[in-house]
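If you want the building blocks of each chain, they are given just below.
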Amino acid sequence: MSPIIYPTTNLKKPSDLVIERGDGIYIFDNKGKKYLEGMAGLWCASLGYNNQEIIDAANAQMSKLSFSHMFGGKTHQVGIDLAEKLSSMVPMKNAKVFFGNSGSDANDTHIKILRYYFNAIGKPQKYKIIARERSYHGVTIASASLTGLPVNHTHFDLPFDALGVLRTDAPHYYRGAQPQESETEFVNRITNNLEQLIIKEGPETIAAFIVEPITGASGVIVPPQGYYEKVQAILAKYDILFWADEVITGFGRTGNDFGSTTMGIKTPDLMTLAKQLSSAYFPISASLVSDDIYQALVEPSNKVGVFGHGFTYTGHPVGCAVALKTLEIYQRDNIFDHAADVGEYMQTKLLTLKDHPLIGEIRGKGMIAAVELVADKKTGLAFSHGEVGNFAMKSCQQLGMITRAIAGSSLAFCPPLIITKPEIDEMIFILQQALDETF
Ligand code: PLP
């Protein structure tokens, strides 16, 4: 037994898969077995494995400058170039960028920036954050508190109250609608709940509302038409900031550059980016804030003598070089257009399985999807445990495809953005066989 404490694992039943190498959209285990990577690793390896250009960029940067920190404003060109590139790509005006190592720490950074900002503008009581049920924002003490999944809370005694985390509905019509409720009525009800929560807590105490434009790890929930329009109107009415956690939905995943674009979200005030930022060749994340927020931090930091937040590896030059090369490839090779085209094909092909007796709902957008397995197709009755999802996931694995059982009994699909239509056919073929084995 290895001395590793495995992450997000039933520690009594860790997987016995040992992965040795990757190439394109495939990975290979230590026995030479080949798997189609239906999850792009963990929603991140957008350009697949063994991309020589990215490897060369990392090697070149390691040879030139393997490390330099950014404390005190000491900087390097590749970091400046990456920040400028990101700022020009995101649907925010003149965004400022703070670099981190992971999606979780990037969300922690935002919580701290929000506190700093509201203290700076004389509103110290405005610190609460609304997060949704069934959301995933990471696993540090603070980001896990934003996460809305019980499995990430149980036994950890998280400081929800101290952090001011408030919870509102998940925008999942299939699971959340009341009997006979239309989609429009569902949207009206849950956005009304949001407004009532704001009024009850006091808008002057609420800093921001955090959302994944389309949720990932909690089941790939695509909110119904009209949801974000209503949400943004409510937030504007009560002067609450909109925070888009695009750790999964950023960079071409949902059929557009960002999930915010796909979902018609206008100009987030804060954005969190990680994963596909570097196509997972190097751990790097970015917390982006509007220019207004940034400008308000400058004077107070001058008074204290320092903006007292930063990681050793903030702006790691190798991470910056890898991310910069990744963004260059996205643009040069029109990867987002390719992903939009193949993503639409993937959604259409998945829907051909909709009559399968195990499938309750197929949902997704672009190159991200989930297939929810149910105990009773007619009523949508959920399985009372996650074993069926795990069984189907293992069947896929035996048949040569990696997927992930999430949110109980859903299987997730999030292949590398470079996947082709014939490879999607291969993916669907394996899924169908696995579902037949599971049924
Ligand atoms: N936010 C979202 C939306 C995520 O999906 C994740 C990870 O899956 C995170 C934050 C946390 O990122 P990390 O695992 O890099 O800490």
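Values in this document were obtained by computation on a predicted structure and should not be read as measured data.

Calculation criteria
What you see as residue numbers is a count from 1 along each chain, following the sequence as written. In view of the model being predicted, local features appear only for residues whose pLDDT reaches at least 70, and side-chain atom pairs are presented and counted only at 80 or more, with totals across whole chains, interfaces and linings using the full set of residues. Here, strands pair whenever DSSP counts at least two bridges between them. Each helix is a run of H or I in the DSSP string that is no shorter than four residues. Each strand is a run of E no shorter than two, and both are numbered from the N terminus. Axis lines are fitted to C-alpha atoms, over the contacting stretch for helices. Their N-to-C directions set the angle, which ranges from 0 to 180 degrees. In this description, a residue-residue contact is defined by the distance between C-beta atoms placed from the backbone, which must lie within 7 Å. With C-beta atoms placed from the backbone, a residue is labelled by how many other C-beta atoms lie within 10 Å of its own: buried for 20 or more, exposed for 12 or fewer, partly exposed between the two. Working definition: roughly parallel below 35 degrees, roughly antiparallel above 145 degrees, roughly perpendicular at 65 to 115 degrees, and oblique for all remaining angles. Crossing handedness: left-handed means the near helix sits turned counterclockwise from the far one by under a right angle, and right-handed means the same turn made clockwise. Under the convention adopted here, Pro, Cys and the residues Ala, Val, Leu, Ile, Met, Phe, Trp and Tyr are nonpolar, Asp, Glu, Lys and Arg are charged, and Gly plus all remaining residues are polar. An automatic or database domain assignment supplies the residue ranges for each domain. We call a residue near a molecule or strand if the C-beta atom, set from the backbone, is within 6 Å of it. Here a nonpolar core is just a set of buried residues of the types Ala, Val, Leu, Ile, Met, Phe, Trp, Tyr and Cys, joined wherever their C-beta atoms sit within 7 Å.

Here seven strands make up an open sheet; going across it, the order is 4-10-9-8-7-5-6 and the pairing mixed. Of all strands in the sheet, those bounded by a partner on one side alone are strand 4 (96–100) and strand 6 (165–168). Each adjacent strand pair in this sheet contributes to an overall mean axis angle of 20 degrees, direction not counted. Helix 4 (residues 103–120) contacts strand 4, strand 5 (128–132), strand 7 (206–211), strand 8 (241–245), strand 9 (270–273) and strand 10 (285–289) of the sheet and is inclined by roughly 25 degrees relative to strand 10.

This part takes up the environment of Thr 438. When you line up the elements, Thr 438 lands in helix 15 (residues 421–438). Look at Thr 438 and you get partly exposed, because 19 C-beta atoms sit within 10 Å. When the C-alpha positions of Thr 438 and Val 374 are compared, they lie 12 Å apart, and in sequence the two are 64 residues distant. If sequence neighbours within four positions are ignored, Thr 438 has contacts with Leu 358, Val 388, Phe 391, Ala 392 and Ser 395.

Right, let's talk about the packing of helix 8 (residues 183–201) against helix 9 (residues 227–237) for a bit. Axis separation between helix 8 and helix 9 bottoms out at 10 Å; the angle between their running directions is 20 degrees. Judged on the interaxial angle alone, helix 9 and helix 8 are roughly parallel. Helix 8 and helix 9 meet at a crossing whose hand is right-handed. From helix 8, Val 187, Thr 191, Leu 194, Glu 195 and Ile 198 reach across to helix 9, where they touch Tyr 227, Lys 230, Val 231 and Ile 234. Taken together, the residues of the contact of helix 8 with helix 9 break down into six nonpolar, one polar and two charged.

Once that is clear, we can look at the sheet that holds strand 3 (residues 34–37). As summarised here, the arrangement of the four strands in space is 1-2-3-14, forming an open sheet in which the pairing is mixed. Each edge of the sheet is formed by a strand with only one pairing partner; in this case those strands are strand 1 (19–23) and strand 14 (401–402). In this sheet, strand 3 lies alongside strand 2 (residues 26–29) in antiparallel orientation, the contact comprising three bridges. Looking at strand 3, one finds that Ile 27 is bridged to Tyr 35.

Moving on to the packing of helix 2 (residues 52–64) against helix 12 (residues 317–332). Direction vectors running N to C along helix 2 and helix 12 enclose 150 degrees, while the axes themselves pass 9 Å from each other. One way to sum up the angle between helix 2 and helix 12 is to call them roughly antiparallel. As for the relative orientation of helix 2 and helix 12, their crossing is right-handed in sense. For the pair helix 2 and helix 12, the contacting residues are Glu 53, Ile 54, Ala 57, Ala 58, Gln 61 and Met 62 in the first and Pro 317, Val 318, Ala 321, Val 322, Lys 325, Thr 326 and Ile 329 in the second.

With that settled, consider the domain arrangement of the protein. When its domains are assigned, the protein resolves into domain 1 (19–50 + 334–438) and domain 2 (55–332). Relative placement of domain 1 and domain 2: their C-alpha centres are 26 Å apart. Contact residues are listed per partner, giving 26 residues for domain 1 and 24 residues for domain 2. Sorting the residues of the side of domain 1 that touches domain 2 by element identifies helix 1 (40–43), helix 13 (335–351), strand 11 (359–365), strand 12 (368–376) and strand 16 (410–413) as the ones contributing at least two each. It is helix 13 that provides the largest number of residues to the side of domain 1 that touches domain 2, a total of five residues.

This brings us to the site of the ligand. Lining the immediate environment of the ligand, one finds 14 residues, of which Ser 102, Gly 103, Ser 104, Gly 138 and Val 247 sit closest. In terms of residue count, the dominant contributor to the shell around the ligand is helix 4 (three residues). Across the shell around the ligand, the residue classes tally to five nonpolar, seven polar and two charged.

Moving on, we get to the nonpolar core. By size, the foremost hydrophobic cluster in this structure holds 123 residues, and its most contacted members are Ile 129, Ala 208, Phe 209, Ala 286, Leu 288 and Ala 392. The greatest single-element share of this core, amounting to eight residues, is contributed by helix 12. Looking at which domains feed residues into this core, each of domain 1 (19–50 + 334–438) and domain 2 (55–332) supplies at least three. The contacts of Phe 209, once residues within four sequence positions are left out, are Ile 130, Leu 235, Ile 240, Phe 242 and Trp 243.

With that settled, consider unusual backbone geometry. One non-glycine residue, His 155, lies in the positive phi region at around 75 degrees. Within the fold, His 155 resides in the loop between helix 5 (141–146) and helix 6 (160–163). For Asp 239, which is not glycine, the phi dihedral falls at a positive 60 degrees. With respect to the element layout, Asp 239 can be found in the loop between helix 9 and strand 8.

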